[in-house]
Each structure stands twice: as structure tokens, then as C-alpha cells.
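Fold and contact review
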Amino acid sequence: MPVRRLEEEEQFAADFNAGYFRRLLGYAWPHRRSLLVVLLLMLVGAVVGLATPYVMGLAVDTYIARGDLTGLAWLTLGYLALNVVGWGAFTVRTGLLSRVGQQILHSLRMDLFQHIHTLGFDFFDGRPVGKILTRLTNDVNVLNDLLTNGLLSLLIELFNLVAIVVLLVSLRLDLALVSFGIVPPLVMLAFRLRPRIRDAYRRVRTRLSILNAALHEGVSGVRVSQIFARQEENLRRFDELNRTNLEVNLAAARLNLLFGPLVELTGAAGTAAVMGYGAYLIGRGQMSIGMLVAFLGYLGRFWGPISTLSNFHNQLLSAMASAERVFEILDYPPQVSSAPGAPELPRIRGEVDFDHVTFGYEPGRPVLHGFTLHVAAGEIVALVGPTGAGKSSIISLISRFYDPWEGAIRLDGHDLREVDLASVRRQIAIVLQENFVFSGTVFDNIRYGRLEATREEVIAAAKLANAHVFIERLPQGYDTVLAERGANLSLGQRQLLAFARAILADPAILVLDEATAYIDTETERLIQSALDRLLQGRTSFIVAHRLATIRRAHRIVVIEGGRIVEMGTHEQLLALPGGRYRALYETQTQLGKAGERVLAS
Amino acid sequence: MHSLRLIFRFVAPYRARLYGALLLLLASTGLAMVGPEIQRLIVDRAIIGGKTRLLFPLLTALVAAALGRGVALFFRGYLQEWVGQRVVYDLRHRLYAHLQELSPAYYARTYTGEIMSRVTGDVERVRQFVTSGVVDLLNSVLTFGFVSIILFRMNWQLTLVTLSISPLLAITVLRFDRRIRPAWRAIERQAGVLSTVIQESLAGVRVVKAFAREPFEVERFRRESEGFADTQVRAARIWAHSFPLIEFLTALSWVLLVGVGGRQVALGRMTVGELVAFNGYLWSLIWPIRNLGWLVNLFEQASTASDRILEILNAPVDIQEPPHPVRLRVKGEIRFENVSFKYDEEAYGDHALRSPGLFGFNLTVHPGERVAVVGPTGCGKTTVVHLLLRLYDPQTGRILIDGVDLRELDLVTYRRQVGVVQQETFLFSTSIKENIAFGRLSATDEEIREAARLAQADRFIERLPDGYETVVGERGVGLSGGERQRVAIARALLMNPAILVLDDPTSSVDAETEAEIQAALRRLMQGRTTLIVSQRVSAVRDADWIVVLDEGRIVQQGRHEELINQPGVYRRLFAPQLGLPAGEEAAACR
């Protein structure tokens, strides 16, 4: 299947931003000493490299031409010693740089990860996991690469360039000027041709990710395609993308393949020019052969600095784009956070108060209007109403996932905003429609509810939640390792696990948010029979459509448009003529009545 | 090397181009040898020998050789690239075509991520190998051989001296390669762990927040992030111990050249020009050896990659087209005759254990009839659907459509006449219009709109940003479960199928939406043979006939009123939904 529109491409390059750059340097600053040592060691390496052509020239002119074998031996030994030093410097700096780089990376990753976990759902809702993941991995890597490799090699190559120019000019000005002739074409290649190649490969990457997305879709939608006999059409469309991918690849290759030969050709032309003029000078007795050899040696070293400079420019721009993405997260404000010095919420009995709460997700469009509800400790409250009525908002507010615009929510009389956030959430457990299962053992997954729980406590919780039986049947029981996202469990089993997890946390308040919506009949039976035990002695909020679940409630609250429209026990509400609850009940149970009649007859 | 056969099979059609690349390789390597030789002539003849009239032709030759080599390099590279790209084009085509035919059980036991890494990463490794592997290997061998011969003829003592470094260099390079690979694998593994931690803590953020487990997650991340940094530093250490040594050994060759060669020149056993030429050739003696590690790597990677690709291509396709397919205009009679099916445990592992299959299944559905199949989870309901759609063939017994064995039908024509609404509807990342027309490409806009209207999907579609042109699916606008199901119903309506399969279409929507969808489903079922599989009593109670499965066998059948009044699986399953007592305790099905 074709992917008509690729998600808007992540930006590849951004303008230089001094503020971001300073903040980035801030991450390197603690390591300035190590980085300085690395720079010095790189400098040693550069000097050793620069010495080679000079030594060659010196050897030819001073010792070889004159037959000074002892001098030659000393020179050789000296050069050998220099290389040993270069070897050592290279070894040390490689290890050091990698350590520093990894430390910087680690602290950048930690800052990001820690910050992300202070953020509210407003951050997560609009963002696919994959995009955040990319920032924590790729973007952070790009930044680190700039800070360590990029900046340092830029400095070293600049040093190289200046050193070569100074050396050549001081050796012989006119020949130096001839050598410099090689620079403009090299600069052209580095700064003109290379960006075009880069663009071409960018197109290649875009096309490849479209192609891979189509492949992915072909694989994940395979069942539908087979059922609807769409394979041929799919293959035809896939081939189109495959073909385009082939073409952009070849176009990029054509450009890229020009590059190496052109650099080489430029080098050959430079060599010819230097040799020609050098031969002329030597013929007139104005220069030695050794110096010509040295010049030829340096000629090949122009390319490195020029190439690095053009690369750095590009690296800087793409690092800025990464910095923008990383700092966007770091600067994102947390939605709710504990007030500084807020006291811990003591162990509560479970009294919940909504006091004239107005709340919404978009400014000017409140979902709850002056919502007031008092729930006594140990009471079971069912929230009923159409989609979008505000049930989920009420539940989110209890755990303080959001703060209300107006009014207050109190637990045992404590305003949520005035106590420590974590101490609130530790006393509330939520079971959702679909509950996340972490990779790891069944045991670890249940224990997520209370990290210090013992094995016995975990098993006891599983038994309470009717999860024990299926867990025991797993290959390694509680120690069975679950696949990513619990793929080796059924939806119902994951749900039972979530109930066990919630029970283990021994919460004062238990929230069931459509917890029985998607499960199969078998699991539903297990949950219904466990539910009484689970709700015992806790304040419970139940959002559900299934009457079997709702009927347990001490009080049913019918919500519409963010307001309470009916409230009472099951019997009271059924007695309301023309009531909403009664209408809902009737549509769901007319079948049941039919069944009852049959049974009665 | 055995496993590289796959690659050779795919390269074979393009071998003429590879031969061309090899010819150009000879040319470019040969021309590379010319440069230093010309430099020697310039120094010895033109400069020292004083024959200045030779200078200009020699310099021209130098540039011409570089030009010729450049041209050869370009075309050689292009031919290699062309063959490499073409081979992966063919490979992708084959993979995609094959993946589309593999059975649901194959997908049940294979992770999508695993398949994706093969069709992306492994295919890329094959491309690298085809593009550069063989030619680069030959290039290294040729260059090293040519240069050795030239240098031996020029000055065999000096050649032996400089070559004395080569074994040491080769050992270092290969040892580095051997040691760095486990380190890289460790990095890859740890990167995977780290990314799992990130993904889980983000995807599970609701659970994390609900239990206030942020500190726990941060701690977990810190541990893995540090572990990741450690693996990187360890790899860097291996690199730091090898690469500078490789550089040093390279420099050592130069030291030997200057020391020993300089001595020979000083003693008059060698000319200055020869020393310069030697200097020019030296790199050609070193890079092939430095390349060894990369080449070994390339070969090994390509070999494991092609193994992994072959695993997909060799996965058996369960369904074969008949030799003389019957193109049937389906009226809608379905007959299962003593059908048994069991998932092959060897091929499907876990999946086979979880699904019992089907035993001695008999069922006749007359045209226009509505039959429901119910039963506890994992008791063979889905197998019935899969067999009817011929995603598998039964091991014994047969399935007849209007009296013709399903195995003799032309599969495409048959499936086009069967409409299916599944438990979860997969939407492709394309316009909602195309998603509705999925089963009938030729549908007009009016027909699509009409189908959407009948499925009660028109109102929400018109509210979407681009109406019927809105891109949905993974890369487009997300639709709710209820909206997806309505698209699926429209999709089925548009096909106007003779047979309709409803595979638990309301199990993943809430009760309100279910009631709305039921209305659209009733419209869809009108006048069609319908097979319903469901967990909801509301979906099955109106069926003309209900079959109750348990452990792959029929345990009860009849109409709703009869079944609900009998003790048995049916009452046990559905009584709670009707607010009735379930009767006896249920025995769990596996």
C-alpha cells in the first residue's frame, strides 16, 4: 500500500542559535580539563603528522644527497621516536575522549528522561513514543558528537591548515603559491558538490523510510489484504515505491561517484604543477630535490582540513536542529507538580470531595462545570454517562493528573495541591481499559504496585484478583518472563494482572476506568466474582457500561455535559420515570427480560 | 559461504554488468600503478638527468592517468551500485510478495519487528556486499599483487624490508576485527535494552504515573544508560588499543623506507626517483591490508543476513492455487463436511499450543441464513473463520461452497465475494475513501459515499479535516474503535458479498457504540449468508442457528431460546450478560 503522506519530516538543519550553543557547552564544561588534555594530545598527533613530509625532504637533501649515513640513522631514529610518542598520544586521547563523551551523553539523557517524567499528559497525548525515543537517542548522540568530535577536530584541522600554509610559505614562497592553486577547486568540491550529494542522500533516506513504512504496513495489514484478495494490487503499488527508491539511489550514486575521482584529479593536477615548477627551479639550481619531495608530501594534506571545515558547517546546522528538539522537551513545563515543601499526605480513610470544580482541556471549553460531589470513605460510586460527559476527567482529577481551573478536590479534607504528589498517587490505584504490561516476569509486573512487597504478598494479591490460577499454568509460573507489552498474554489475562497489581498497592481509593470493557466472557466472570473482595473497605470509583459492574455501586452518578443529572441507588434511579439511567438500563436488559420470561415459563 | 548462494542467485541475471565492473577494475588499478612510476621518471630523467623536454609530456601523462583512472572509477562504481540496487529491488519484491502470502499462524509466532529488521537491515547488508564485497576484495588483492611485483622489480631488498611490517599489520587488523565485534554486539544489545526501557516507560506512562513510579523508572533508566555508556567505552578501549597501533605500524613502514631506502640511495644502489616512487607506492601496499577487517566483516555479515532473509523466503505458504481454478459466482451455500484442522506444532510452536484447532466439524448454512459460532476464548471459533476464508486448508474433510470444494476455487474471485468485518479493523495509511474501496477498487465516489451512509459512517467522515480524502491509519488521523468498525462495515457493504463473516466485530467497542453498530450490521446482513463469531449475546441471539464450540468440538447447537434454557456452555457464557444466574460453575477452556 502506498503511504500517501509521510509524516512531516523531522527538520534536518536549523540556523545557528547562540543560546542553544551555550547551553550545550554547559554540558561539556564540567569536563573542560579532560577535554583540554585531549586537545593537547591531538595537537601532538597533528605535529607528528606534519613532520613526515618535512623529514622526508630533510633526509633527501641533508643526509642522502651527501651520503651522511650516521645522520640518516639518527634522523630515522628520531622520527621513529616521534611516532612512538604519536602512538601513545593517540591511544590515550581516544580512551579519554570516549569516556568524556559517554559521560556527557549520559547526563544529557538523564536530564531529558527525568524531565520527561515530570511532564503531564498534555505532553504525551500529542506525541508518538517513537518521536520521543528518537530525541533521547539520535538527537542526543548528534549533540554529543558535535561537542566532542566535531569541535575538537575542527580546532585541530584549523591548526593543520595554518601550520601547512606557514610551513610552505616559509620554505619557499613562489612554490607555496603554486601549491595553493589546489585549494580553490578543493573548496569548490567540498562546499558545492558535497551539499548536493548530501541533498541527494537525504532524498534517498526519505524514500527509503517511505518504502519501509509501506513494507511495515504490508506486514501488519497482511490479514486484511489476504481476506480482501488485495495482494496483487498491493505488490503493484509497492513496486512503484521500490522503483522510485532504486532511481533516487542511482541518482545519488552518480553524484557521489563523481566526488572521489574529482578530488583525486585535482590532486594529480596539483602534483603536476608543483613538479613542473619544481623541476624548473631545480634545473636552475634554485631548489633542492628534497624540498620538492616535502612540497609534494604537504600537497596531499590540504584536503583534510577543507573537508573537515565543510563537514563541520553541516554538523553544526544539524546539531542545531537536534538541540531545538532536545531543548523543546527540557523547556516544556510540567503540568502538575508538588508545591515546594508540600507535606506528605498521611494515610487517608478515603473521603473524596469535589468542591465546585470547573475543568477542561482547552481554554474556554470546560468539560466540568462547578462539579460538586462528596464521597464518603468506603463508598462505591459508579459514574455513568455518554462519551465525553466528563467521567474520565473526574477520575483524572482524583489522582491529580490535572489541576482544576476553579474549585478544589480534597482527600480527607486535604487540598490535593497542598500535599506531595507522589504521596497522593501511592494511595490511589487505577485499573484502565487496557493496562500496560512491562517486559520482565509476572512477579515483577504485579510487584510494580508495591516495590517492597514480598513474594507471599504478591501471590496473595494475585489470588484475590483471581489471577493466580492462570499464572500457575504459565510455563514458569510467577517467574515466567513476559514478552514486550505482554504479547504472550491475552487481553483478559493482562487485565487480571492489572487487578492484582492494583490490589497489592493496597490503595485507600480504587478507580476502575472501563476496566471491564473489552474482556472476554471468561475473564469477566473471574473479575466479577473477585470484585466484591477488591472493593471491600476502599472508596471506589467505577466507570463502566456493563450493568453487572455498575449494580454493585452504593451510589450511581449520571453525568451529562459535565454536570450531574441524576444520582441515587440502582433502585432509586430505576424508579425515576423518564430517567436517563432507566432508559440506559432498559436498552441493555430487554434481552435479559426476554430470557427471564423464558426461564420463568 | 554456503549461505551466500541466495545472493549469487539474485546477482546471476546481472553478471554481465559485474564482469564489466571487473574489467574497469583492472583498468583503474593499472592506472593507479602508473602515477608513482611517472613521478620516478620525472625525478630521475627530467630533473636529475636534465632531459627537460621529457618534463611536459610526463606531467601531461600524470594528469591523463588520473583522468583515465577517474573515468574508470566512476563507471566501475556505477555498475557496482546499479547491480547492488537492482538486486535489493528484486529481493524486496520477492520478500513483499512472499510475506503477503504467509499464513496468520506465521505472523502469530513471528514479531513484526523481527520481520522488519530482516527486510530492512539484512537487505541493506546484502546490498553492501553486492555493491562492494567481491569487487573490493579483488581490488585489494590486485593492488597488493601489482604493487609488490613492481616494487620487487625495482628494488627487492627494500621491498622485503617494507613488506616485513605487513604480517604484523594484518595480525593487528584481524585481531582488532575479532575483538571489536563482540563489543559492537554488546552495544547493540544494550541499545536495545535502553530503548525498551524508554519505550515502556513512555507507552506505559499512565501506569507509571498512577503508581507514582517515576523514581523507579528513572533509576531503571539510569542503570541501563550507564550500562550503555560502559559498553561504548569498552568498545572505544579496544579501538584505542588497536587503531593507533595500526597507524603506528603504517608510520613504521615509512620510517623503514626513509632509513633503509635513504641508505641505499646514499650508497648509490638506488636512485632518488625510485625512492620517491616507492614513497608513492607504499600506501597501495598498506591499504589492502588495513581493509582486511572490513572485508571479512562484509562477508560474514552478508552471510548471516542472507540466512535470515532465506528464513522468510523459505517459510512455507500453506495455500496453493489449484491447477484449474473454478471461477464461481457464489450464491451462498456453505457446507463443512467432517472438517478437522490442527496447527502444526513444529511450524507454529506456541500458537499451536494455544489453539486447539477443530475436530470433526459439520455445518451447513443455506443461502441467506445467519449462523453464529460461539464458545469460550481459544476454543476454535477463529479457526472456523480462517478455514472458510481459506487462509488454511483442513487436514481432513472438506469445505464446499455452493457444492464446490473450496480448494478448487479461484481464490481471488472467491474472496472478492466474501465480506469480512473483523474484531479490529486495520486501516492503511491512505485516504478513508481508498480504505472503504479496499475490496473493490473500481467503486465510484457515489458508491463509496452510499456505502458510508448505509454504514452510518458518513457523518463522522464529513467532519474529518479533508472529508473522504482524509488520510487515516498509522500515519494519518486516528479513528476511534467504533469509527473503524463503521469503515469496515462500509468496506464490506461496497463489495456486495454473497457471504458475510462477522468475526466478533463489536468486541472492542463500548456498549453505546455497540448498539449503534448493531443497526448498521443488521443492514449489512440483509439477504446474505452470514457467519457470526461473537462473545456478545446481543450479536448472536437473532441467529437462525447457533453452534457452540468447546475445545474444538461442537458441544451444543440450536436457537437462542433453546440454548439459554439448557444447562451447558452457552448458558454459562451468556447468562451473566443477560443478568441471569449462570447455573453451574464454568470449567475454564485451557
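Residues numbered from 1 in each chain as written. Chains lettered and ligands numbered in written order. Predicted model: local features only at pLDDT ≥ 70, side-chain atom pairs only at ≥ 80, totals over all residues.

What to know about the domain arrangement of chain B
All names here are of chain B. The condition is simple: Boundaries between domains were set according to an automatic or database domain assignment. Any residue pair is listed as a contact if its two C-beta atoms, each placed from the backbone, are within 7 Å. Helix and strand labels come from DSSP, where a helix needs a run of H or I of at least four residues and a strand needs a run of E of at least two; each type is numbered from the N terminus. Ten residue types, Ala, Val, Leu, Ile, Met, Phe, Trp, Tyr, Cys and Pro, are classed as nonpolar, four, Asp, Glu, Lys and Arg, as charged, and the remainder, Gly among them, as polar.
With domains assigned, chain B is organised as domain 1 (1-155 + 292-318), domain 2 (157-269) and domain 3 (326-417 + 533-590). Distance between the C-alpha centres of domain 1 and domain 2: 25 Å. Tallying the contact residues gives 8 residues for domain 1 and 8 residues for domain 2. It is helix 11 (residues 292-313) that provides the largest number of residues to the side of domain 1 that touches domain 2, a total of 4 residues. A per-class count over the side of domain 1 that touches domain 2 returns 4 nonpolar, 4 polar and no charged.

Brief notes about the sheet that holds strand 4 (residues 406-411) of chain A
Residue and element names in this part refer to chain A. This is how it is decided: The pairing criterion for strands is at least two bridges between them, as found by DSSP. Lines fitted to C-alpha atoms define the axes here, with helix axes fitted over just the stretch in contact, and angles between the N-to-C directions of these axes take values from 0 to 180 degrees.
Ordered in space as 2-1-4-5, the 4 strands form an open sheet in which the pairing is antiparallel. Each having just a single partner strand, strand 2 (365-375) and strand 5 (414-415) make up the two edges of the open sheet. Each of strand 1 (352-362), strand 2 and strand 4 touches helix 12 (residues 391-398); the most contacted strand, strand 1, lies at about 115° to it.

Brief notes about the confidence of the model for chain B
Residue and element names in this part refer to chain B. Applied cut-off: What pLDDT expresses is the predictor's confidence in each residue, scored from 0 to 100.
Counting all residues, the mean pLDDT for chain B is 86, and 94% of those residues have values of 70 or more. Note that residues 584-590 has pLDDT below 50 and, in this model, 12 contacts with residues that lie over four places away or in other chains. Scoring the predicted complex yields pTM 0.81 and, for the interface, ipTM 0.84.

Looking at the confidence of the model for chain A
Residue and element names in this part refer to chain A. Summary statistics for chain A give a mean pLDDT of 86 and a share of 95% for residues scoring 70 or more. Of all the helices and strands in chain A, helix 21 (residues 580-600) carries the lowest mean pLDDT, 60, while strand 4 carries the highest, 94. A low-confidence stretch, residues 1-9 stays under pLDDT 50, and its non-local contacts, those more than four residues away or across chains, total 29 contacts.

A few points about the nonpolar core
Our working definition: By our criterion, buried Ala, Val, Leu, Ile, Met, Phe, Trp, Tyr and Cys residues that link up through C-beta atoms within 7 Å make up a nonpolar core. Counting other C-beta atoms within 10 Å of a residue's own tells you its class, since 20 or more makes it buried, 12 or fewer makes it exposed, and anything in between is partly exposed; those C-beta atoms are placed from the backbone.
Grouped together as the largest cluster of nonpolar side chains are 190 residues, with contacts concentrated most on Phe499 and Ala500 of chain A. By residue number, the principal contributor to this core is helix 3 (residues 69-116) of chain A, which donates 14 residues. Not counting residues up to four positions away in its chain, the partners in contact with alanine 500 of chain A are Ile446, Ala461, Ala462, Ala465 and Ala467 of chain A. The next biggest cluster of nonpolar side chains, apart from the first, holds 81 residues, and it includes Leu406, Ile436, Ile448 and Val472 of chain B.

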